[in-house]
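# Coordinates in review
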Amino acid sequence: MRGVAALGESSVGKKILMATTGLILYGFVVGHMVGNLKVFLGPEVFNHYAEGLRVFGDPFFARGQLLWVVRVVLLFAVLVHIGAAVKLWLRSRAARRHPYKKFDNLAFSQASRTMVWGGITILAFVIFHLMHLTWGNVHPDFVHGDAYHNFIAGFRSWPVSLAYIAAMIPLGLHLYHGLWSAFQTMGVNDPNNNQWRRPLAMAIALVVVIGNISFPIAVLSGAIGDDVPAATAVVVE
């Protein structure tokens, strides 16, 4: 147990924690984007998908129970990920103040140091996203039980849509560098594998970013959402 605790407190252990929790969150982000693509299939399909998330696991779980299990796991992953990142960042700063100390700067190259500010931006975006489309307390016209309506009405606000699009920049950078770093931490750094690590990380990040950006653009351009009357979508400028 002491060995495990010591590993958890070491820089290597912190990187492993970041990589593991990062991959969990990575899977959620990709899955969330893929699920939201159903909005292009219309209100019936999208609302059925949203309801399916709440009844998933039936009859072994009551309505919403398994969804809450997933939420708790994701929240735990976020807290561990942030905690490990902050401790590594503080150690990096301390090492830079004492140049005689050797410190592995691979995870804290110039690119990775921007991950700190990108991570803060993403955290703020996630909180707003929950308040906007999950809880509805900052939504201009939130209707409980109608995910499609909330989606369309929410993105009809130009400031909100532009904020979502802007948030995809740090998210894309985070996904790209995060997956590449996770490969490095998990030991997938054989010379034979290095040639595809960066292209794969870049490709997945681009797919997620383009997919997420397509939602506000589709709503603002009128490609989707004609079945939601404009009169019910009060836009807050």
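So, how was this worked out
Residues numbered from 1 in each chain as written. Predicted model: local features only at pLDDT ≥ 70, side-chain atom pairs only at ≥ 80, totals over all residues. Heavy atoms only, no water. Helix = DSSP H or I, 4+ residues; strand = E, 2+ residues; numbered from the N terminus. Contact = heavy atoms within 4.5 Å. Areas by Shrake-Rupley, 256 points an atom, 1.4 Å probe, with all protein chains shown as cover. Axes fitted to C-alpha atoms, helices over the stretch in contact; angles between N-to-C directions. Parallel < 35°, antiparallel > 145°, perpendicular 65-115°, else oblique. Core = buried A, V, L, I, M, F, W, Y, C linked by side-chain atoms within 4.5 Å. Buried < 20%, exposed > 50% of the residue type's maximum accessible area, 1.4 Å probe, protein only. Expected span 1.5 Å × (residues − 1). Bend = angle between axes of the 7 residues up to and from the residue. Left-handed = near helix turned anticlockwise from the far one by under 90°. Nonpolar A, V, L, I, M, F, W, Y, C, P; charged D, E, K, R; others polar. Phe/Tyr/Trp six-rings, centres within 6.5 Å; stacked < 30°, edge-to-face > 60°.

Scanning the chain for helices and strands turns up 8 helices and 0 strands. Each helix (α) and strand (β) of the chain, taken in turn from the N terminus, gives the series α-α-α-α-α-α-α-α. Contacts in the chain between residues far apart in sequence, at least 24 positions, make up 68% of those at least 6 positions apart. When the accessible area of the chain is evaluated, it comes to approximately 14000 Å², of which 70% is carbon and sulfur surface.

Helix packing for two helices is described by the angle between their axes and how far apart those axes are. Orientation of helix H3 (residues 43–55) relative to helix H6 (residues 147–155), taken along the N-to-C sense of each, is 110 degrees, at an axis distance of 8 Å. The angle between H3 and H6 falls in the class roughly perpendicular. Packed against H3, whose contacting residues are Pro43, Phe46, Asn47 and Ala50, the element H6 presents Ala147, Tyr148 and Phe151 at the interface.

Okay, the environment of leucine 23 next. Considering the arrangement of structural elements, one finds leucine 23 in helix H2 (residues 11–36). Linking leucine 23 and leucine 175, residues 152 residues apart in sequence, is a C-alpha distance of 9.7 Å. Aside from chain neighbours lying at most four places away, what touches leucine 23 is Leu179, Ala182 and Met186.

Attention shifts here to the nonpolar core. If you look at the biggest cluster of nonpolar residues, it comprises 32 residues, and the most contacted ones within it are Val39, Tyr148, Phe151, Ile152, Phe155, Met168 and Ile224. At the level of secondary structure, the elements contributing two or more residues to this core comprise H2, H3, helix H5 (110–134), H6, helix H7 (158–185) and helix H8 (191–221). Not counting residues within four places of it along the chain, the set of residues in contact with tyrosine 148 comprises Val39, Gly42, Pro43, Phe46, Asn47, Ile224, Gly225, Asp227 and Val228.

Turning to H7, a few remarks are in order. Side chains that are three or four residues apart share a direction in an α-helix, a result of its 3.6 residues per turn. For H7, with 28 residues, the first-to-last C-alpha span of 40 Å sits near the 40 Å given by 1.5 Å per residue. Along H7, the sharpest kink reaches roughly 25 degrees, centred on isoleucine 169 and followed within four residues by the proline proline 170. Once H7 finishes, glycine 187 follows within two positions and takes phi at roughly 90 degrees, a positive value.

Apart from glycine, the bulk of residues carry a negative phi angle, and the bulk of peptide bonds sit in the trans form. For the bond running from aspartate 58 to proline 59, omega is 10 degrees, close enough to zero to count as cis. Mapped onto the secondary structure, proline 59 falls in the loop between H3 and helix H4 (65–97).

Now for the environment of isoleucine 24. Structurally, isoleucine 24 is set in helix H2. Isoleucine 24 sits 49 residues away from valine 73 along the chain, and the two C-alpha atoms are 9.0 Å apart. Leave out the neighbours within four places in its chain, and isoleucine 24 touches Leu74 and Ala77.

For the rest of this paragraph, the subject is the packing of H2 against H7. Orientation of H2 relative to H7, taken along the N-to-C sense of each, is 135 degrees, at an axis distance of 9 Å. Viewed along their axes, H2 and H7 adopt a mutual orientation that is oblique. In the crossing of H2 with H7, the sense of the turn from one axis to the other is left-handed. Contacts between H2 and H7 involve Lys15, Ile16, Ala19, Leu23, Tyr26 and Val29 from the first element and Leu175, Leu179, Ala182 and Thr185 from the second. Here the contact of H2 with H7 is built from residues that sort into 8 nonpolar, 1 polar and 1 charged.

With the rule as written, the count across this model stands at 10 aromatic pairs. For the ring pair phenylalanine 125 and tyrosine 164, a centre distance of 5.1 Å and an interplane angle of 85 degrees mean the geometry is edge-to-face. Separated by 39 residues along the polypeptide, phenylalanine 125 in helix H5 and tyrosine 164 in helix H7 bring together distant segments of the chain. An identical accessibility class is assigned to phenylalanine 125 and tyrosine 164; each is buried. With a centroid separation of 5.6 Å and 80 degrees between ring planes, the pair formed by phenylalanine 151 and phenylalanine 215 is classed as edge-to-face. Of this pair, phenylalanine 151 sits in helix H6 while phenylalanine 215 is found in helix H8, placing the two residues 64 residues apart along the sequence.

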